[in-house]
Amino acid sequence: MAIRLLKQDHQEVSQLVERFENASGAQKSEIAQRICRALTVHAQIEEELLYPAARRALEEDDKELVAEATVEHASVKDLIGQIEGAAGSDELYDAKVKVLGEYVKHHVKEEESELFPKLQKTQLDLDALGEQLAARKSQLASELGMEEPANDESDLASNLNPSRSGGNRGSRPSASR
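Report follows, based on the coordinates. (Residues numbered from 1 in each chain as written. Predicted model: local features only at pLDDT ≥ 70, side-chain atom pairs only at ≥ 80, totals over all residues. Heavy atoms only, no water.)

Secondary structure summary: the chain contains six helices and zero strands in total. Taken from N to C terminus, the helices and strands of the chain fall in the order α-α-α-α-α-α. Out of the 177 residues belonging to the chain, those deemed buried represent 44%. Long-range contacts, defined here as pairs at least 24 residues apart, represent 77% of the contacts in the chain between residues at least 6 apart. (Helix = DSSP H or I, 4+ residues; strand = E, 2+ residues; numbered from the N terminus. Buried < 20%, exposed > 50% of the residue type's maximum accessible area, 1.4 Å probe, protein only. Contact = heavy atoms within 4.5 Å.)

The following block contains the structure:
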C-alpha cells in the first residue's frame, strides 16, 4: 500500500506539471500552487515516515539512496519556496515550475526504479507503513486547506485485505502498489 500511495502521488504531480505546460494565464498560477501543495505534503510524509523506515530496513550499502532522496527534497523545497513567493507574472515563474517538474521527474525515476524495489525485498511492513502515510497525508492536506487529498486514502485503506494482517513482507510486491 505504501508504494502504491507514493506512486499515485508521483502520477498526480506529473499530470499537474503537464497541465501547467499546456495552460495559460491565471490557470498556470493555480496549477503551480496545486503542484507546490501536493509536493509539500508528499515530501513531508516521505521524510517523516518513509525515509526513517527505509533507513532501518535497508542494508548499509542501500542507505545512500535515502540520503540522495533527502538532498533532492531540499532542492525541490527551495524551488517550491521560490514559486510560492513569486507572482505568476515573474519572468522566471514558468522556468521555475518547469525545473521543479524536471527535478521531480528525476527523483521519481530513482525512487520507483531503485528505492521502492529494494524496499519490497526487505522485511518492512509496507501495508502498515502505507496506512501511516495515508493518515499523515490526509492530516497535512487538511492543514493546508487542500480541498481533496491527492489520493483517496479511505479507498486505499479499504483495499487492504484484513486477512493479510502480517502485512507485505516483500513476497507480495503487488499488494503494495
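With that settled, consider helix α4 (residues 93-120). Because an α-helix packs 3.6 residues into every turn, residues spaced three or four apart end up facing the same way. An ideal rise of 1.5 Å per residue puts 40 Å on 28 residues; α4 measures up with 38 Å between its terminal C-alpha atoms. The axis of α4 is deflected most strongly, by about 40°, at Glu111. (Expected span 1.5 Å × (residues − 1). Bend = angle between axes of the 7 residues up to and from the residue.)

The next point concerns the pattern of salt bridges. Evaluated as defined, the whole model comprises seven salt bridges. A salt bridge links Arg136 to Glu48, with the nearest nitrogen and oxygen atoms 2.6 Å apart. In this pair, Arg136 is assigned in helix α5 (residues 126-143) and Glu48 in helix α2 (residues 26-57), connecting sequence segments 88 residues apart. A relative accessible area of 35% means that Glu48 is categorised as partly exposed. (Salt bridge = Lys/Arg side-chain N within 4 Å of Asp/Glu carboxyl O.)

Turning to the side chain of His73, a few remarks are in order. Tracing the sequence through the fold places His73 in helix α3 (residues 63-84). With a relative accessible area of 3%, His73 lands in the buried category. Those residues in contact with His73, other than ones at most four positions away along the chain, are Ala43, Glu46, Glu47, Tyr51, His107 and Glu111.

Moving on, we come to the environment of Met1. One can find Met1 in the segment before α1 (2-22). Separated by 125 residues in the primary sequence, Met1 and Leu126 have C-alpha atoms spaced 6.1 Å apart.

With that settled, consider the packing of α1 against α2. Where α1 meets α2, the axes come as close as 9 Å, and the angle between the chain directions of the two elements is 160°. Of the possible angle classes, the one that applies to α1 and α2 is roughly antiparallel. Where α1 crosses over α2, the two elements pack in a sense that is left-handed. Contact with α1, carried on its side by Leu5, Leu6, Asp9, His10, Glu12, Val13, Leu16, Val17, Arg19 and Phe20, involves Lys28, Ile31, Ala32, Arg34, Ile35, Ala38, Leu39, His42, Ile45, Glu46 and Leu50 of α2 and no other residues of that element. Of the residues that constitute the contact of α1 with α2, the class distribution is 13 nonpolar, two polar and six charged. (Axes fitted to C-alpha atoms, helices over the stretch in contact; angles between N-to-C directions. Parallel < 35°, antiparallel > 145°, perpendicular 65-115°, else oblique. Left-handed = near helix turned anticlockwise from the far one by under 90°. Nonpolar A, V, L, I, M, F, W, Y, C, P; charged D, E, K, R; others polar.)

Once that is clear, we can look at α1. An ideal rise of 1.5 Å per residue puts 30 Å on 21 residues; α1 measures up with 31 Å between its terminal C-alpha atoms. Listed in full, the buried residues belonging to α1 are Ala2, Ile3, Arg4, Leu5, Leu6, Asp9, His10, Glu12, Val13, Leu16, Val17 and Phe20.

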